[in-house]
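# Understanding the architecture of this molecule
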Amino acid sequence: MTRRRRLLWGHDQTVTDFVGNLAPVERPLWRDHYASIGILRQDGGLIGGMVFSEYKPQFSTVEVSVGGVSCYLFDSPMFREVGNFIFGHLGVHRVFARTSESNVRAQRMLKAIGFRHEGVKGHFYGPGRHASDWRVLRDEWIDRWGPVALEEAA
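Here we summarise the structure given alongside this text. It should be emphasised that the depicted structure is a prediction, and the values quoted were computed from it without experimental measurement. Sequence order as written defines the numbering, with residues in each chain counted from 1. Note on the predicted model: pLDDT of at least 70 is required for a residue's local features to be given, and 80 or more for side-chain atom pairs to be given and counted; whole-chain, interface and lining totals, by contrast, use all residues. Side-chain calculation: all heavy atoms of the structure are included, whereas hydrogens and water are not.

Residues spaced three or four apart along an α-helix point in a common direction, a consequence of the helix completing one turn every 3.6 residues. Listed as buried for helix H1 (residues 12-22) are Val-15, Thr-16, Val-19 and Gly-20. All buried residues of H1 lie within an arc of 130° about the axis, which places them on one face of the element. Throughout this description, buried means an accessible area under 20% of the type-specific maximum (1.4 Å probe, protein chains only), exposed means over 50%, and partly exposed covers the range between. A run of H or I in DSSP counts as a helix once it spans at least four residues, and a run of E counts as a strand once it spans at least two, with each numbered from the N terminus. Relevant arc is that of directions from the helix axis to the C-beta atoms, nothing else.

Next up, the structure:
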């Protein structure tokens, strides 16, 4: 049985609220997020999303926050399309993510899609609760997922 999922564009607040409500440590307060991409199951229900915040075109960076009802939501074609958006359309060079040091599942997923561990921020989420920082550069993404399209991904 094939699981057909689609990406949802242009519903930033809905996707941002969905991802924020799934945050395991704290519900992020995105002030000026740049964009969100939702993940829809075949019947159109929202089951996951990615929020791109802290977009700084002058530095060519953006932060990504991801949430979903399962870690099995994502597939290769979806990652390629997301890469086209981030690295092609936005022209970003560096994407970074942060998760709790105890969130092993999220760290495995980040590593599997090409992110590299950059370090730990001690007591970031309060006493004894550390954050794990991750990043992927455009060239690293291309090495893992192939060339990115430069046209708008929507």
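Before going further, it helps to spend a moment on the packing of aromatic side chains. A pair of aromatic rings is counted whenever rings of Phe, Tyr or Trp (Trp by its six-membered ring) have centres within 6.5 Å, and the orientation is called stacked for planes under 30 degrees apart, edge-to-face for over 60 and tilted otherwise. All chains considered together, the criterion is met by seven aromatic pairs. Taken together, a centroid distance of 5.1 Å and an interplanar angle of 90° make the contact between Phe-124 and Tyr-125 edge-to-face. By the ring-pair criterion, three or more aromatic residues cluster together here, those being Phe-79, Phe-87, Trp-141 and Trp-145. Whether a charge sits over a ring depends on NZ of Lys or CZ of Arg being within 6 Å of the ring centre and within 35 degrees of the ring normal. Lying over the aromatic face of Trp-145, Arg-144 brings its terminal NZ or CZ to 4.1 Å of the ring centre.

On to the environment of Phe-79. Residue position: Phe-79 is located in helix H2 (residues 76-89). Separated by 34 residues in the primary sequence, Phe-79 and Ile-113 have C-alpha atoms spaced 8.1 Å apart. The contacts of Phe-79, once residues within four sequence positions are left out, are Phe-74, Ile-113, Trp-141 and Trp-145. Contact between two residues is taken to exist if any of their heavy atoms lie within 4.5 Å; hydrogens are not considered.

This part takes up the side chain of Glu-63. Structurally, Glu-63 can be placed in strand S4 (residues 61-68). Residue contacts for Glu-63: discarding those within four places in its chain leaves Val-51, Phe-52, Ser-53, Glu-54, Phe-96 and Arg-98.

Pairing is mixed across the open sheet formed by seven strands, whose spatial order is S1-S2-S3-S4-S5-S7-S6. Among the strands making up the open sheet, the edge pair consists of strand S1 (6-8) and strand S6 (116-121). Ignoring which end each strand starts from, the neighbouring axes of this sheet average 25° apart. Any two strands with at least two DSSP bridges between them are considered paired. Bridge count between strand S3 (residues 46-56) and S4: seven bridges; the pairing is antiparallel. Angular values range over 0 to 180 degrees, each being the angle between N-to-C directions of two axes fitted as lines to C-alpha atoms, with helices fitted over their stretch in contact.

Running from N to C, H2 and helix H4 (residues 138-145) point in directions that differ by 155°, and their axes come no closer than 11 Å. Here H2 lies roughly antiparallel to H4, going by the angle between them. In the packing of H2 onto H4, the handedness of the crossing is left-handed. When H2 is examined against H4, the residues Ser-76, Phe-79, Arg-80, Gly-83 and Phe-87 are found in contact with a partner set consisting of Arg-138, Trp-141 and Trp-145. When residues are grouped by polarity, Ala, Val, Leu, Ile, Met, Phe, Trp, Tyr, Cys and Pro land in nonpolar, Asp, Glu, Lys and Arg in charged, and all others, Gly among them, in polar. Across the contact of H2 with H4, the residue classes tally to four nonpolar, two polar and two charged. Each angle gets one of four labels, with under 35 degrees taken as roughly parallel, over 145 as roughly antiparallel, 65 to 115 as roughly perpendicular, and the rest as oblique. What makes a crossing left-handed is the near helix being turned counterclockwise from the far one by less than a right angle; a clockwise turn instead makes it right-handed.

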